[in-house]
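# Residue-level structure breakdown
Single-letter residue listing:
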Amino acid sequence: MSTIKDVARLAGVSYTTVSHVLNQTRPVSPEAKERVLAAVKELDYVPSALARSLRSKVTGSIGLIIPNNTNPYFSELARGIEDHCYGAGYSVILCNSDDDPAKQRDYLLVLQTKRCDGLILATLNQSDLNPAGKLDIPTVLLDRAPRELDIDLVSTDNALGGSLAARHLLDLKRRHVACIAGPQGLDLSDERVQGFRQTLEEGGGKLAPNDLLHADFSGIGGYQAAMRLLQERPADARPDAIFCCNDMMAIGVLRAAGELQIDVPGQLSVVGFDDIELAQFVHPPLTTVAQNTRRLGNLTAQFLLERIADPDLPARRETVAPQLQLRGSTAPFDNKIKR
């Protein structure tokens, strides 16, 4: 691999002259510049990005840590972030923490060692923070992060999303409604359940304690929870609607209903949350609370670029409203279908 000194030797100039030509830090005579560029081309010389970053203290890179890259929601979110950052001249380094706090800490250390200009974190643990309750690098939190921290945060209005799902099921005259939430203690899942429960009760419904189950935001988690709600109960004790706090769990519910020969949406209406691309291609297509992943990704990236440009900006909070996306997995109860 050629070095800057090889270029200088071939061009017949000092290596500092080569540096000035490549970095445009000082005027160089047209003749010398031409020789340097010709030598760079002949030797196929690639300047060291690390060396440039050490001089400028800017790497043009952003770190993004997500909790689960097998969940299509995070893949779609990462795409929006990457598109915005790329358009602004930044590269994105994507890390998957697998919901493992130790792995997350390791990735935070790696990204800071690589001198990333900023971080976007879709999950954060208190142990990751310095004594002042912050990170030593411009950071924006997204989605799953704690709400009480004095750090920029972009999130969906999760309580509103839960409320939209409940209102829809009430309008369909569904009365025995169950909910499959995400992991216990996760703020965004708790907010979705809270909004769902409150609207259900305001409409004369109720979410019974044994009709609220928790799963791990995966298809298998939703499938197993649905089996507990549908297979382990007599037909007349089964719920006639299930709200899932993400789409992957809702897809698992559809699988369970199919195996048990429960008609969706006639006997059982199913509502998800996220509106991943796959939601429109399952059978029946999934009614879901749609998060605006493009808006969330763009807004998060915008906040971070502004934070990098001005680290002294006050911490900001932005909440994006979801919308209900109606598809074929919900309908009024069909009394003609035997339970």
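Our structure's up above, just so we're on the same page.
Residues numbered from 1 in each chain as written. Predicted model: local features only at pLDDT ≥ 70, side-chain atom pairs only at ≥ 80, totals over all residues. Heavy atoms only, no water.

### Considerations on the sheet that holds strand 9 (residues 269-274)
- Judged by pairing direction, the sheet is mixed, and its six strands sit side by side in the order 7-6-8-9-10-12 without closing on themselves. Across the chains shown, the open sheet's two edge strands, defined by having one partner strand only, are strand 7 (212-214) and strand 12 (323-325). Along the sheet, successive strands turn relative to each other by an average axial angle of 20°, direction set aside.
- Where strand 6 (residues 177-181) and strand 8 (residues 241-244) come together, four bridges link them in parallel fashion. Within the sheet, the bridge partner assigned to Ile180 lies in strand 8 and is Cys244.
- Packed on one face of the sheet, helix 7 (residues 158-171) meets strand 6, strand 8, strand 9, strand 10 (287-290) and strand 12 and runs near 165° to strand 9.
- Contacts between helix 10 (residues 247-259) and the sheet are confined to strand 6, strand 8, strand 9 and strand 10, with strand 9 contributing the most and set at about 155° to the helix. (Pairing = 2+ DSSP bridges. Helix = DSSP H or I, 4+ residues; strand = E, 2+ residues; numbered from the N terminus. Axes fitted to C-alpha atoms, helices over the stretch in contact; angles between N-to-C directions. Contact = heavy atoms within 4.5 Å.)

### Topic: the packing of helix 1 (residues 4-11) against helix 2 (residues 15-23)
- One way to put it is that helix 1 packs onto helix 2 with a least axis distance of 8 Å and a crossing angle of 105°. In terms of their interaxial angle, helix 1 and helix 2 are classed as roughly perpendicular. Here Ile4, Lys5, Val7 and Ala8 of helix 1 come into contact with helix 2, specifically with Tyr15, Val18 and Ser19.
- For the contact of helix 1 with helix 2, a count of residues per class yields five nonpolar, one polar and one charged. (Parallel < 35°, antiparallel > 145°, perpendicular 65-115°, else oblique. Nonpolar A, V, L, I, M, F, W, Y, C, P; charged D, E, K, R; others polar.)

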